[in-house]
Amino acid sequence: MKNITIIGTGYVGLVTGVGLSEFGNKVICTDINNDKISKLNSGKVPIYEPGLEEIIIRNIQNDRLFFSLDIAASIKKSEVIIIAVGTPQSDHGDADMQYVDSVVNTIKENLNNYKVICTKSTVPIGSGKKIIKSLKSSYKENSDFNYVSNPEFLREGSAVKDFLWPDRVIIGTSSLNAYETMCDIYRPLYINKNPIKRTSVETAEMIKYASNSFLALKISYINEIANLCEQVDADVHDVAVAMGKDGRISDKFLHPGPGFGGSCFPKDLRSLSYIAKENDVKMSTINAAIEANKKQKYLMCCKLENLVSGGLKGKEIAVLGLAFKANTDDIRDSSSIEMISFILSKSGKVNAYDPIANDSMLKIFPNIAYFQNVYEAVNKVDALVVMTEWNEFRSLDLRKIRSAMNGNFILDTRNILNMKELSALKFVYDNVGRQKI
Ligand code: UDX
Ligand code: UDX
């Protein structure tokens, strides 16, 4: 078991730090954001992530988990340093490495003895090499390090489960010592023979991009199949279920919807496409998935406009679900953003509701109306659009909604509403690729 510093206590850094403390390590989660660290130090979790709070409390009580703004002191005390700051998309489409670069400088200044330095943030292939070069550039006496790429595969909303019971752990390093150190921090997984795979740094970096891009591609594929289903009277739900029974395909990530969002898929695809271009390799599939996703988001807006008779001008629309997926408060690249912008651009009015993400969306759209529950949000609206597959939307009282609404238009971009019930209640509805009843 090791002393570990995590730099960057966002969605990924926090779950990683908490998970590693649960595995028995002593972990300091650091960040430059004072507000975040103060909240955590007073026992409050700054993000919504199911199951996280109880593990945080347990490990704080067991003296294994700490939160600090003092990144320098934390580095000096630790044997393993994990970089988990954001790598958002830059204006050119590649990953913005400024935060990673700044953290690498901080590590360099505070290297006081041998450490394993590990990148968990998603970084372009070849970044590890650059980081190693930078760390070596002002080599101090008594300081030594080995480098590891250890990509994350944490889905927001099920990140705790993904961390504690991973499908695989990838450890990219040329150093046997660093590999063994990493196996040690993941000891419970190692003992349970969870698949821990050692690769080169570049291969580990590529595994992350290749995995996320494949999943995104799969979603774009089923979205396009759904769009075709609509034209040829086929039902995408039955198609996806039947396809998924084939073990070679699998039924995961085969749900059509309003286009993928989140902090990873959109930027990772763009970054991979950029890397490919830089290396003179044409990745038609990746570029097509990006294009298909953009179209899918727009298609949802057109669906709404076509559904509501007389267009959207002056209409009140309830938008249910703002987060990019269920079980998170994250709205980064959420399809709801396009939908709300579109409604506003057509001079419609938006009533927004999300069980968790209202506050996050308020920062982007401060002037739309936010509600604390579904039934208030749908009161007197002309139309309703479901954007996120929250469980509470799967069991809506559609009769109550019908009588609260002025209009009878429903767009279900997640295919979660019961079509028989919608028809019986005389809703005029649309969804993504399902045969209407
Ligand atoms: C990030 C990356 O964007 C993603 O590519 C990677 O796969 C996982 O890590 P996420 O954890 O969702 O994703 O980012 P975010 O929630 O924005 O957290 C980043 C944290 O780093 C923030 O709390 C920020 O304050 C902190 N930070 C940023 C630092 O501590 N130091 C810095 O120099 C910059
Ligand atoms: C993703 C990766 O799955 C995870 O391994 C890690 O690398 C971080 O990025 P995350 O973005 O949190 O996780 O959520 P994910 O469950 O992958 O969903 C991404 C988007 O795809 C969401 O907008 C979701 O609604 C959409 N999606 C997912 C679909 O439209 N259909 C599906 O079948 C699955």
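Source: prediction; values computed, not measured.

Caption draft 1: Layout of the site of ligand 2. Close to ligand 2 lie 18 residues, the nearest being Glu 156, His 255, Gly 261, Lys 325 and Arg 414. Take Leu 254: an N or O atom from its main chain is 3.3 Å from an oxygen atom of ligand 2. One of the backbone N or O atoms of Phe 324 is found 2.9 Å from an oxygen atom in ligand 2. Summarising the interface, the protein chains cover 94% of the accessible area of ligand 2, which totals 660 Å² for the free molecule. When residues in the shell around ligand 2 are grouped by element, the largest group, three residues, is from helix 10 (residues 201-232). Per-class residue counts for the shell around ligand 2 are nine nonpolar, three polar and six charged.

Caption draft 2: View of the site of ligand 1. Near ligand 1, the surroundings consist of 21 residues, among which Asp 31, Lys 36, Thr 122, Glu 152 and Lys 267 are the closest. A distance of 3.2 Å is found between an oxygen atom of ligand 1 and a backbone nitrogen or oxygen belonging to Ile 32. The side chain of Arg 332 places a nitrogen or oxygen atom 2.8 Å from an oxygen atom of ligand 1. Surface burial for ligand 1 is 88%, taken as the share of its 700 Å² of free accessible area covered by protein chains. Residue assignment for the shell around ligand 1 shows that the elements contributing at least two residues are helix 1 (11-22) and helix 5 (98-109). Across the shell around ligand 1, the residue classes tally to six nonpolar, nine polar and six charged.

Caption draft 3: Focus on the packing of helix 10 against helix 11 (residues 236-244). Contact geometry of helix 10 with helix 11 gives a least axis separation of 9 Å together with a crossing angle of 140°. Taken together, the axis directions place helix 10 and helix 11 in an arrangement best described as oblique. For helix 10 against helix 11, the interelement crossing comes out right-handed. Between helix 10, through Tyr 221, Ile 222, Ile 225, Ala 226 and Cys 229, and helix 11, the contact on the second element is made entirely by Val 236, Val 239, Ala 240 and Met 243. For the contact of helix 10 with helix 11, a count of residues per class yields nine nonpolar, no polar and no charged.

Caption draft 4: Molecular detail of the environment of Arg 198. Here Arg 198 shows up in strand 8 (residues 196-199). For Arg 198, a relative accessible area of 33% corresponds to the partly exposed category. In sequence terms Arg 198 and Thr 173 are 25 residues apart; their C-alpha atoms lie 7.2 Å from each other. Excluding its chain neighbours within four sequence positions, the residues that come into contact with Arg 198 are Ile 171, Thr 173, Ser 174, Ser 175, Leu 176 and Tyr 179. Reaching out from Arg 198, the side chain makes a polar contact with the backbone oxygen of Thr 173 at a distance of 3.3 Å. Only 3.4 Å separates the side chain of Arg 198 from the backbone oxygen of Ser 174, close enough to count as a polar contact.

Caption draft 5: Spotlight on the packing of aromatic side chains. For the structure shown, the criterion picks out eight aromatic pairs. Ring pairs connect the aromatic residues Phe 23, Phe 163 and Tyr 186, which therefore count as one cluster. Here the guanidinium or amino end of Arg 168 rests over the ring plane of Phe 153, the centre of that ring lying 3.6 Å away. Taking the ring centre of Tyr 375 as reference, the NZ or CZ of Lys 400 above it sits at 4.3 Å.

Caption draft 6: Up close: the pairing of strand 1 (residues 3-7). With four of its five residues buried, strand 1 lies for the most part within the structure. As a crossover connection, the stretch from strand 1 through helix 1 into strand 2 (residues 26-30) is right-handed. Note that strand 1 and strand 4 (residues 80-83) share four bridges and pair parallel. Bridged to Thr 5 within strand 4 is Ile 81.

Caption draft 7: Main features of unusual backbone geometry. Phi at Asp 233 takes a positive value of approximately 60°, unusual for a residue other than glycine. The topology assignment puts Asp 233 in the loop between helix 10 and helix 11. Since its relative accessible area comes to 58%, Asp 233 is described here as exposed.

Caption draft 8: Inspection of the sheet that holds strand 12 (residues 383-386) at higher detail. Read from one edge of the open sheet, six strands run 11-10-9-12-13-14, paired in parallel fashion. Edge strands, defined here as strands with exactly one partner in the open sheet, are strand 11 (369-370) and strand 14 (428-430). By the bridge criterion, two bridges tie strand 10 (residues 349-353) to strand 11 in an arrangement that is parallel. Each residue of the ladder has a partner; that of Ala 352, found in strand 11, is Tyr 370. Of the strands in this sheet, strand 9 (316-320), strand 12, strand 13 (409-412) and strand 14 are in contact with helix 13 (residues 284-307), which crosses strand 13 at around 165°. Contacts from helix 14 (residues 335-345) reach strand 9, strand 10, strand 12 and strand 13 within the one sheet, and its direction differs from that of strand 10 by about 155°.

Caption draft 9: Seen up close, the side chain of Asn 351. Topologically, Asn 351 is positioned in strand 10. Only 2.9 Å separates the side chain of Asn 351 from the backbone oxygen of Ala 377, close enough to count as a polar contact. If sequence neighbours within four positions are ignored, Asn 351 has contacts with Glu 316, Ile 317, Ala 318, Val 319, Ala 369, Phe 371, Ala 377, Asn 379 and Val 381.

Caption draft 10: Region of interest: the environment of Leu 344. Counting through the fold element by element, Leu 344 comes out in helix 14. Leu 344 gets classed as partly exposed once you look at its relative accessible area, which sits at 35%. When the C-alpha positions of Leu 344 and Ile 368 are compared, they lie 9.1 Å apart, and in sequence the two are 24 residues distant. Not counting residues within four places of it along the chain, the set of residues in contact with Leu 344 comprises Val 350, Phe 365 and Ile 368.

How each quantity is defined
Residues numbered from 1 in each chain as written. Chains lettered and ligands numbered in written order. Predicted model: local features only at pLDDT ≥ 70, side-chain atom pairs only at ≥ 80, totals over all residues. Heavy atoms only, no water. Near = heavy atom within 4 Å. Polar contact = N/O pair within 3.5 Å; in protein donor to acceptor, adjacent residues only side chain to side chain. Areas by Shrake-Rupley, 256 points an atom, 1.4 Å probe, with all protein chains shown as cover. Helix = DSSP H or I, 4+ residues; strand = E, 2+ residues; numbered from the N terminus. Nonpolar A, V, L, I, M, F, W, Y, C, P; charged D, E, K, R; others polar. Axes fitted to C-alpha atoms, helices over the stretch in contact; angles between N-to-C directions. Parallel < 35°, antiparallel > 145°, perpendicular 65-115°, else oblique. Left-handed = near helix turned anticlockwise from the far one by under 90°. Contact = heavy atoms within 4.5 Å. Buried < 20%, exposed > 50% of the residue type's maximum accessible area, 1.4 Å probe, protein only. Phe/Tyr/Trp six-rings, centres within 6.5 Å; stacked < 30°, edge-to-face > 60°. Lys NZ or Arg CZ within 6 Å of the ring centre and 35° of its normal. Right-handed = clockwise from strand over helix to strand, strands pointing away. Pairing = 2+ DSSP bridges.

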